[in-house]
Each structure stands twice: as C-alpha cells, then as structure tokens.
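So you can see what is in the structure, the chains are spelled out below.
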Amino acid sequence: MKKSIAVLGSTGSIGVQSLDVAEKSGYEVKALTANKDFRRLEEQIRKFRPEVAALSDVAAAAELRIRVKDTNTKVY
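Right, let's walk through the structure included here. Computed from a predicted structure; not experimentally measured.

1. Comments concerning the sheet that holds strand β4 (residues 74-75)
The strand order across the open sheet built from 4 strands is β1-β2-β3-β4, with neighbouring strands paired in parallel fashion. Taken across any chain shown, the strands that pair with only one partner, and hence form the sheet edges, are β1 (4-7) and β4. Packed onto the sheet, helix α1 (residues 13-25) meets β1 and β2 (28-34) and runs at close to 170 degrees relative to β1.

2. Notes on the environment of K36
As for its position among the elements, K36 is in the loop between β2 and α2 (38-48). Classification of K36 as exposed rests on a relative accessible area of 53%. Sequence spacing of K36 and A62 is 26 residues, and the spatial spacing of their C-alpha atoms is 11 Å. Setting aside residues no more than four positions away along its own chain, K36 makes contact with L55, D57 and A60.

3. A look at the pattern of salt bridges
On inspection of all chains with the given rule, the structure shows 8 salt bridges. Across the pair E28 and K30 runs a salt bridge, and its minimum N-O distance is 3.8 Å. When its relative accessible area of 33% is taken as the criterion, E28 is described as partly exposed. Overall, K30 belongs to the partly exposed group, its relative accessible area being 28%. Between K30 and E51 there is a salt bridge, and its shortest N-O distance comes to 2.8 Å. Linking K30 in strand β2 with E51 in the loop between α2 and β3 (52-55), this pair joins segments that are 21 residues apart in sequence. It is possible to trace a salt-bridge network through shared partners that takes in E42, R46, E63, R67 and D70.

4. A word on the pairing of β2
With 4 bridges joining them, β1 and β2 adopt parallel strand pairing. What sits directly across from A6, in β2, is A31. Handedness of the β-α-β unit built from β1, α1 and β2 comes out right-handed. When β2 meets β3, the two strands line up parallel, connected through 4 bridges. Of the residues in β3, the one forming a bridge with A31 is V52.

How each quantity is defined
- Residues numbered from 1 in each chain as written.
- Predicted model: local features only at pLDDT ≥ 70, side-chain atom pairs only at ≥ 80, totals over all residues.
- Heavy atoms only, no water.
- Pairing = 2+ DSSP bridges.
- Helix = DSSP H or I, 4+ residues; strand = E, 2+ residues; numbered from the N terminus.
- Contact = heavy atoms within 4.5 Å.
- Axes fitted to C-alpha atoms, helices over the stretch in contact; angles between N-to-C directions.
- Buried < 20%, exposed > 50% of the residue type's maximum accessible area, 1.4 Å probe, protein only.
- Salt bridge = Lys/Arg side-chain N within 4 Å of Asp/Glu carboxyl O.
- Right-handed = clockwise from strand over helix to strand, strands pointing away.

If you want it as structure tokens, here you go:
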C-alpha cells in the first residue's frame, strides 16, 4: 500500500520542501491547500495530481477551478 499525505500550505517554503521530500520518498499527494497563490498551486496540481485542492481566497479558488478543469482535482 502506497503512503499518502495532505500538504497544508503547499505553496509556502515549508510546503514546497515537504512536497520535495514526499516526491523523493514515494508518497502519493492526496490534498493540497494554499492561501491565494493559485499559479503555484496549479503547477503542484499538474505535477502531483491530488484528489482535492483548496484555497482560502474565494477569487483565487474560482480562477484555479477554471485553470485545472482538464484534471480530476476537485477545487474548493
């Protein structure tokens, strides 16, 4: 069984480092969250293919939803 994680604050420096470690360790990323950096979160969604992603900024979440509509990630 593959280990999976959720990364809260994935666009910040600690979140980015956590994703780097997760990738090198073979973890599956199930969920990502961020405040409002939808551009970086889009990059992470395309790389890690999480089931869900969430942004605290409503306008940023709306923009991200449009940008990743070609993926299976649900944006909140």
